[in-house]
Amino acid sequence: MKKLFFVFILLISFLNSSELKVATSKNVGELNPHLYSPNEMFAQNMVYEGFVSYSQDNQIIPSLATSWEISEDGLVYTFYLRKGVKFSNGEDFNANAVKLNFDAIFANKQRHISFALVRAFDYLEVVNDYEVKLHLKHIYEPTLRELSLIRPFRFIAPSAMIDNNTKDGIKAPIGTGKWKFVDTKLGVYDKFVKNENYWGEKAKIDSIVCKIIPDPSSKVIALKTKEIDYIYTDGEISLEDFINLQKSDYQTLISKPLSTILIAQNTAKYPTNDINVRKAINMAINKDEISKYVFYGTRPKADFFYDDNVPNGKIDRSAYEYNPKKAKQLLLDNGWEFKNGFLEKDGKRLDIVISYIGINAEQKAISEVLQANLKEIGINLILQANESTIFYKRHRNGEFELIFNATWGAPYEPEIFMASMVAPAHADYMAQIGLKQKPLIDENIEKLSKTMNKDEKSKLAKEILTILHDEAVYIPIVYHTNICVASPKLKGVKTSILKYEIPFDDIEIKE
Amino acid sequence: MKKFILKRTLYAIICLFLASIFIFLLIRLNGTDAVMNYLQVSGIAPTDEAIEHTRIMLGLNEPIITQYIVWIKNALQLDFGTSYFTNRKIAPDLFEYLGNTLKLTLFALLITFIISIPFGVFSAIYKNHFFDYFVRIFSFLGVSTPSFWLGLLFILFFSVELNLLPPFGIGGINHLIMPALAISFMSIAINARFIRINFLQACNERFIAYAKMRGVGKYKIYSKHILFNSLLPLITAFGMHIAELFGGALVIENIFAYPGVGRYAVSAIYYSDYPVIQAFSMMMCFVFILINLITDILYAIIDPRIRYE
């Protein structure tokens, strides 16, 4: 009788269980919280948590630390850990687990060296079971934001590490997050179930199956045949399909601007070392057309380096308006002359090369629009398709005139992203190197991450952005957005301001 | 016969060895940089330090000859190393994916023979009649239709419209029908024409005329004398179709989200995952060389003239 009752309960719970079927392009990896590719960030975010999180209104909010204090000199961060939190295997989360995780991360320091916090980190002190102090070598203001990143500062159960280390793999993906990673089949699916012991508000659905369907058209068909219920993030399906789905019963959402797609102009290389050429290009590009025809209106045109929502991203300048006549006149006024339909100066035709990744259809389409726009003002734009590693070598070596680039989005903006502008390995550094204000930009960036004063921070960021705008170093094209398509049977579907986070938590399946 | 088999096997081994050198060099000399790709995918800034560290980590700092020797030595023991991107051992993944692809390929081969043999035979028997014209049009369409396009059409018709077959993934035989049909369409077309020609040629042979004179029945002539002789050249076609279907499977796997070796290889190429590309290419060479070897040996068994060449 008991057995029968048990089977009955099982059957009832099975019938009541709700499962969300999501389309993905590849397996989520072993889900090591302290490593990168092939661990999928959205999945790492589901399973692991850190001290703090980044909210939808650009604020740092508590996660596994309920509160924190920053010492007056900005060198010590004291975190008060949440009590009663358990890893999904029942292990306690406490200061010892934090210490072991930090030791594991810094045992592989070289791997994380691009994070400024890793370079600024001195040591972690355990005060008691629920209090730790993070000591820095020098002030690094974006510390909390770097701690909110999906990787590497998130915590895995100590028993899941291999010899107290994670650099060579983990035993199992055991975190404190809302989801548990329970099953995977190579090239077929990954499965997560709700963490019933979660310390906060639990997820509303019972499980998530990520089905691996690499082809974008196949994903749309899978949605139509009800093989999947949900598609999230840019690039998973074509924008053309997205627009068609907008006309159907499916829920279609476009996120707020997440980052900016821009083209960097090399200020150290002829002919983009001429500010008039850079300004004329900025005025000759019809971004409305790009937004409408290349991105089907899913990405708004970008007039500035940052969208208004980025903290300290707004500057007191007007945009370079689309005005081909004015652009042409600017060049004619500065010694360029028309010959055979193109501008020339000192016997040299105004030829400019734009570098893009050959297999990136968006970059190619934007380049083609640019080519047509610039031809109108007498500039011959030459399209140069690159294999991706060669493209990034160009970024690094400064071997470009115009090259595609993008900002990183929250929570990196502006300080963490700008910090990359002082590193010669980035296209931004190479693009700016010809500016006479480059030392000032670099100095401001250095100060930016070392000041705890909000007003000063705002002033410094705006000063950098104003120089970059006045010097027309970049051509902002569109603000990048994520798209989401969900079956009509889903409730609570939304988008996030964080590029790599998929907001599953509020999703419910309607009866 | 033994000598023949040994000689052919030796040729096959030499071919594999040369292919391994060619593959290894081609990947490394094509201008791509696995280190840059790795850093990019991992979201790590390509600083000099990071590049150097990653190059050492991936073993790409060693001289190219050392890299080759280490690789070939391990590959001979079926250890193809670890993928740069999945951080998993390649051999188990490759064989799991390969198993799926072979299952799809063999199923497609079965479909090819089941459909093409009656198509070819009956279009020859009913030459210049309705069925013959039908097979001719079918063959024309078959060789001109890209498999990925046909695959999408199948999904739209059988899955979206009729809800008859599962559109994606792996499971029972239901999951194999559409991708196998899509890739075998061309082979069916070619094979049907091939059998038709062979059948018609066999009809004109003297022994058929003698059989007719001997008063052998029409059905017996078709089934025993003509059919057997017209199907012999299919041994060559078998090798050809396996290669064709295998290639087709690699293309179609993405459309049907079928976890086969093609998808594994495509993502490896995308990420410049050298060890996986090498393992995949070597495996492909091995499969093709092996099929050719089997075909040669089969021919030698059937036709003694070949072994004395």
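Structure first, text after, so check above.
Anyway, here's the lowdown on the structure attached to this text. Every value quoted in this text rests on a predicted model; they were computed, and no experiment measured them.

Right, let's talk about the overall build of chain A for a bit. Scanning chain A from N- to C-terminus turns up 16 helices and 25 strands. Projected onto its principal axes, the C-alpha coordinates of chain A cover approximately 95 × 60 × 35 Å. Burial status across chain A gives 57% buried among its 511 residues. Expressed as a percentage of contacts within chain A between residues at least 6 apart in sequence, the contacts between residues at least 24 apart total 68%. Surface accessibility of chain A: about 21100 Å² in total, with carbon and sulfur atoms responsible for 50%. Charged side chains in chain A number 65 positive and 67 negative. The centres of these two groups are separated by 2 Å.

In terms of regular secondary structure, chain B is built from 14 helices and zero strands. Counting helices and strands in the order they occur from the N terminus, chain B gives α-α-α-α-α-α-α-α-α-α-α-α-α-α. By principal-axis analysis of the C-alpha atoms, chain B measures approximately 85 × 60 × 30 Å. For chain B, with 309 residues in total, the buried portion stands at 48%. In chain B, of all internal contacts separated by at least 6 residues, the share reaching a separation of at least 24 is 74%. Total accessible area on chain B stands at roughly 15800 Å², and carbon and sulfur atoms take up 69% of it. Between the centroid of the 23 positive side chains of chain B and the centroid of its 17 negative side chains there is a distance of 21 Å.

All names here are of chain B. A surface patch of nonpolar side chains, about 1000 Å² in accessible area, is lined by Leu10, Tyr11, Ile14, Phe17, Leu18, Ile21, Leu25, Leu29, Ile64, Ile65 and Ile69. In terms of residue count, helix H1 (residues 2-28) provides more of the nonpolar patch than any other element does, seven residues in total. Here Ile69 falls in the partly exposed class, since its relative accessible area comes to 47%.

All names here are of chain B. Under the definition given, this model contains zero disulfides over all chains. Of the cysteine sulfurs around Cys15, a residue in no disulfide, the closest is that of Cys285, at 9.0 Å. Residue Cys15 is classed as partly exposed on the basis of its relative accessible area, which comes to 43%.

All right, on to the interface of chain B and chain A then. Across the boundary between the two partners, chain B contributes 41 residues, which contact 32 residues of chain A. For the pair chain B and chain A, the summed buried surface comes to about 3200 Å²; carbon and sulfur atoms form 62% of the total. For the pair chain B and chain A, the interface holds one salt bridge. Between Lys393 of chain A and Asp33 of chain B there is a salt bridge; the shortest N-O distance is 3.7 Å.

Residue and element names in this part refer to chain B. Running from N to C, helix H6 (residues 130-144) and helix H8 (residues 174-203) point in directions that differ by 135°, and their axes come no closer than 8 Å. Accordingly, the angle class assigned to the pair H6 and H8 is oblique. As for how H6 packs across H8, the hand of that crossing is left-handed. Residues Asp132, Val135, Arg136, Phe138, Ser139, Leu141, Gly142 and Val143 of H6 pack against Phe185, Met186, Ile188, Ala189, Ile190, Ala192, Arg193 and Arg196 of H8. A breakdown of the residues in the contact of H6 with H8 according to their chemical character gives ten nonpolar, two polar and four charged.

Before going further, it helps to examine helix H10 (residues 218-231) of chain B. Residue and element names in this part refer to chain B. A rise of 1.5 Å per residue sets the reference length of H10, with its 14 residues, at 20 Å; its end C-alpha atoms lie 18 Å apart and thus fit the reference within 8%. Considered for burial, the residues of H10 that qualify are Ile221, His225, Ile226 and Ser230. Buried residues along H10 sit against H8 and helix H9 (206-213).

Conventions we followed
- Residues numbered from 1 in each chain as written.
- Chains lettered and ligands numbered in written order.
- Predicted model: local features only at pLDDT ≥ 70, side-chain atom pairs only at ≥ 80, totals over all residues.
- Heavy atoms only, no water.
- Helix = DSSP H or I, 4+ residues; strand = E, 2+ residues; numbered from the N terminus.
- Buried < 20%, exposed > 50% of the residue type's maximum accessible area, 1.4 Å probe, protein only.
- Contact = heavy atoms within 4.5 Å.
- Areas by Shrake-Rupley, 256 points an atom, 1.4 Å probe, with all protein chains shown as cover.
- Lys, Arg positive; Asp, Glu negative; His and termini not counted.
- Charge placed at Lys NZ, Arg CZ, Asp CG, Glu CD.
- Patch = residues over 30% accessible without salt bridge, like charges linked within 9 Å, V, L, I, M, F, W, Y side chains within 5 Å.
- Salt bridge = Lys/Arg side-chain N within 4 Å of Asp/Glu carboxyl O.
- Disulfide = S-S within 2.5 Å.
- Buried area = accessible area lost by both parts, 1.4 Å probe.
- Axes fitted to C-alpha atoms, helices over the stretch in contact; angles between N-to-C directions.
- Parallel < 35°, antiparallel > 145°, perpendicular 65-115°, else oblique.
- Left-handed = near helix turned anticlockwise from the far one by under 90°.
- Nonpolar A, V, L, I, M, F, W, Y, C, P; charged D, E, K, R; others polar.
- Expected span 1.5 Å × (residues − 1).

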